[in-house]
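Read off the chains here:
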Amino acid sequence: MAQNVAIPPGFEQQMTELLGKEETLRLLNSLEDAPPVSIRINPNKWREENAFIELKELLPVPWCNNGFYLSERPRFSEIPQFHGGAFYVQEASSMALHAVKSLLREREPMVALDLCAAPGGKSTLLRDILPDKSVLISNEIVPARAHILCENMIKWGHPEQIITRSAPAQWRETGLLFDLILVDAPCSGEGMFRKDQNARAEWSIDAVDTCAKRQREILDCAWPLLSPGVAGIQYMHLQHKRK
């Protein structure tokens, strides 16, 4: 069993300055709890008769109509529907992207870009809520993560999607324009403190500053890629985690 790593003092000090002592204490206590387990079903593949669990028995995620909490974490590797793309294991907070669905209603087909897409959770969700006949390009610069992204998007299954592996600056050089850009920029990983001891050990103020600089550079590259004259939606999910 991995040794428990203490919450970094610098993180506690930073949170106290932002939230105050009482709220910070609540936050630190919550980071010692086991994280909840949630899934998001694939409406094009989920079949009740073949499902590993009945949805009516699950607590729904309030902000995503395809999201559900599980009472415990099963061995997903032993569930055929998991490998077939019938559902995706995703934290409920990451399903907040579903909120933009109402803004996309009644729109013409769009060309969308998920600029930092791996491992694919938000790309699969975005693919579900885009207007019919829209095209989604899911991009990931890191080769190993791009491979995982490709696997997850293939399992989710949709013909109008493209997987790429380019740096944000390279996209800016292409002159291409998009109706919607999703940016889940690399960050310093505080959201992983509950389930990854390495995230605690690797955290530092310098890492936070480095990530903030990288995020600004990515957004500087992304902004000019939005099509002029359209209601481009930029969703910046800058919570402190990368799955």
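It should be emphasised that the depicted structure is a prediction, and the values quoted were computed from it without experimental measurement. (Residues numbered from 1 in each chain as written. Predicted model: local features only at pLDDT ≥ 70, side-chain atom pairs only at ≥ 80, totals over all residues. Heavy atoms only, no water.)

As for the pattern of salt bridges
So, step 1. All chains considered together, the criterion is met by eight salt bridges.
So, step 2. With its nearest N and O atoms 3.8 Å apart, the salt bridge here joins Arg40 to Asp128. Of this pair, Arg40 sits in strand E1 (residues 37-41) while Asp128 sits in helix H5 (residues 121-129), placing them 88 residues apart in sequence. (Salt bridge = Lys/Arg side-chain N within 4 Å of Asp/Glu carboxyl O. Helix = DSSP H or I, 4+ residues; strand = E, 2+ residues; numbered from the N terminus.)

Some points on unusual backbone geometry
So, step 1. The linkage connecting Ala118 with the following residue, Pro119, adopts the cis geometry, with an omega of 5°.
So, step 2. Along the chain, the position of Pro119 falls in the loop between strand E5 (111-114) and H5.
So, step 3. Of note in the backbone geometry, Lys133 takes a positive phi value of approximately 70° without being a glycine.
So, step 4. By the secondary structure assignment, Lys133 is in the loop between H5 and strand E6 (135-139).

Details of the pairing of strand E8 (residues 180-183)
So, step 1. Residues Leu180 and Leu182 line one face of E8 and the alternating positions Ile181 and Val183 line the opposite face, and both faces are buried.
So, step 2. Bridging between E5 and E8 involves three bridges; their strand directions are parallel. Bridging from a neighbouring strand, Leu113 pairs with Ile181 of E8. (Buried < 20%, exposed > 50% of the residue type's maximum accessible area, 1.4 Å probe, protein only. Pairing = 2+ DSSP bridges.)

Brief notes about the packing of helix H1 (residues 9-19) against helix H2 (residues 21-30)
A packed helix pair is summarised by two numbers, namely the angle formed by the two axes and the spacing between the axes.
So, step 1. Contact geometry for H1 and H2: axes closest at 7 Å, N-to-C directions at 135°. Relative to H2, H1 is oriented oblique. In the packing of H1 onto H2, the handedness of the crossing is right-handed. Only Lys21, Glu23, Thr24, Leu27 and Leu28 of H2 make contact with H1, whose side of the interface consists of Phe11, Glu12, Met15, Thr16 and Leu19. (Axes fitted to C-alpha atoms, helices over the stretch in contact; angles between N-to-C directions. Parallel < 35°, antiparallel > 145°, perpendicular 65-115°, else oblique. Left-handed = near helix turned anticlockwise from the far one by under 90°. Contact = heavy atoms within 4.5 Å.)

Here we look at the side chain of Ser138
So, step 1. Mapped onto the elements, Ser138 comes out in strand E6.
So, step 2. Ignoring sequence-local partners within four residues, the contact set of Ser138 consists of Asp114, Ala117, Ser123, Leu149, Met153, Ile162, Ile163 and Thr164.

Observations regarding the side chain of Ser38
So, step 1. Residue placement: Ser38 occurs in strand E1.
So, step 2. For Ser38, the side chain forms a polar contact with the main-chain oxygen of Gln90, separated by 2.4 Å.
So, step 3. A polar contact is formed between the side chain of Ser38 and the backbone nitrogen of Ala92, at a distance of 3.1 Å.
So, step 4. Apart from the residues lying within four places of it in its own chain, the contact partners of Ser38 are Phe68, Tyr69, Leu70, Tyr88, Val89, Gln90, Glu91, Ala92 and Met95. (Polar contact = N/O pair within 3.5 Å; in protein donor to acceptor, adjacent residues only side chain to side chain.)

Some remarks on the sheet that holds E1
So, step 1. The four strands are arranged E2-E3-E1-E4 in an open sheet whose pairing can be described as antiparallel. Lying at the two open borders of the sheet, with one neighbouring strand each, are strand E2 (59-60) and strand E4 (87-89).
So, step 2. Inspection of the sheet shows E1 paired to E4 by three bridges, in the antiparallel sense. Opposite Ile39, over in E4, you have Val89 as the bridge partner.

Details of the packing of aromatic side chains
How two aromatic rings sit relative to each other is set out by the distance from centre to centre and by the angle between their planes.
So, step 1. One pass over the structure, following the stated rule, counts ten aromatic pairs.
So, step 2. Look at Phe52 and Phe87: their rings are 5.1 Å apart centre to centre, the planes differ by 35°, and that puts the pair in the tilted class. With Phe52 in the loop between E1 and E2 and Phe87 in strand E4, the pair connects residues that are 35 residues apart, well separated along the chain.
So, step 3. Taking the relative accessible area as the measure of exposure, Phe52 reaches 28% and is therefore partly exposed.
So, step 4. Looking at Phe87, the relative accessible area reads 2%, which means it is buried.
So, step 5. Summarising the aromatic geometry, the rings of Phe82 and Phe87 are spaced 5.9 Å apart at their centres and angled 45° between planes, so their arrangement reads as tilted.
So, step 6. These aromatic residues form a ring-pair network of at least three members: Trp46, Phe52, Phe76, Phe82 and Phe87.
So, step 7. Stacked on the ring of Phe82, the Lys or Arg Lys155 has its end atom at 4.7 Å from the ring centre. (Phe/Tyr/Trp six-rings, centres within 6.5 Å; stacked < 30°, edge-to-face > 60°. Lys NZ or Arg CZ within 6 Å of the ring centre and 35° of its normal.)

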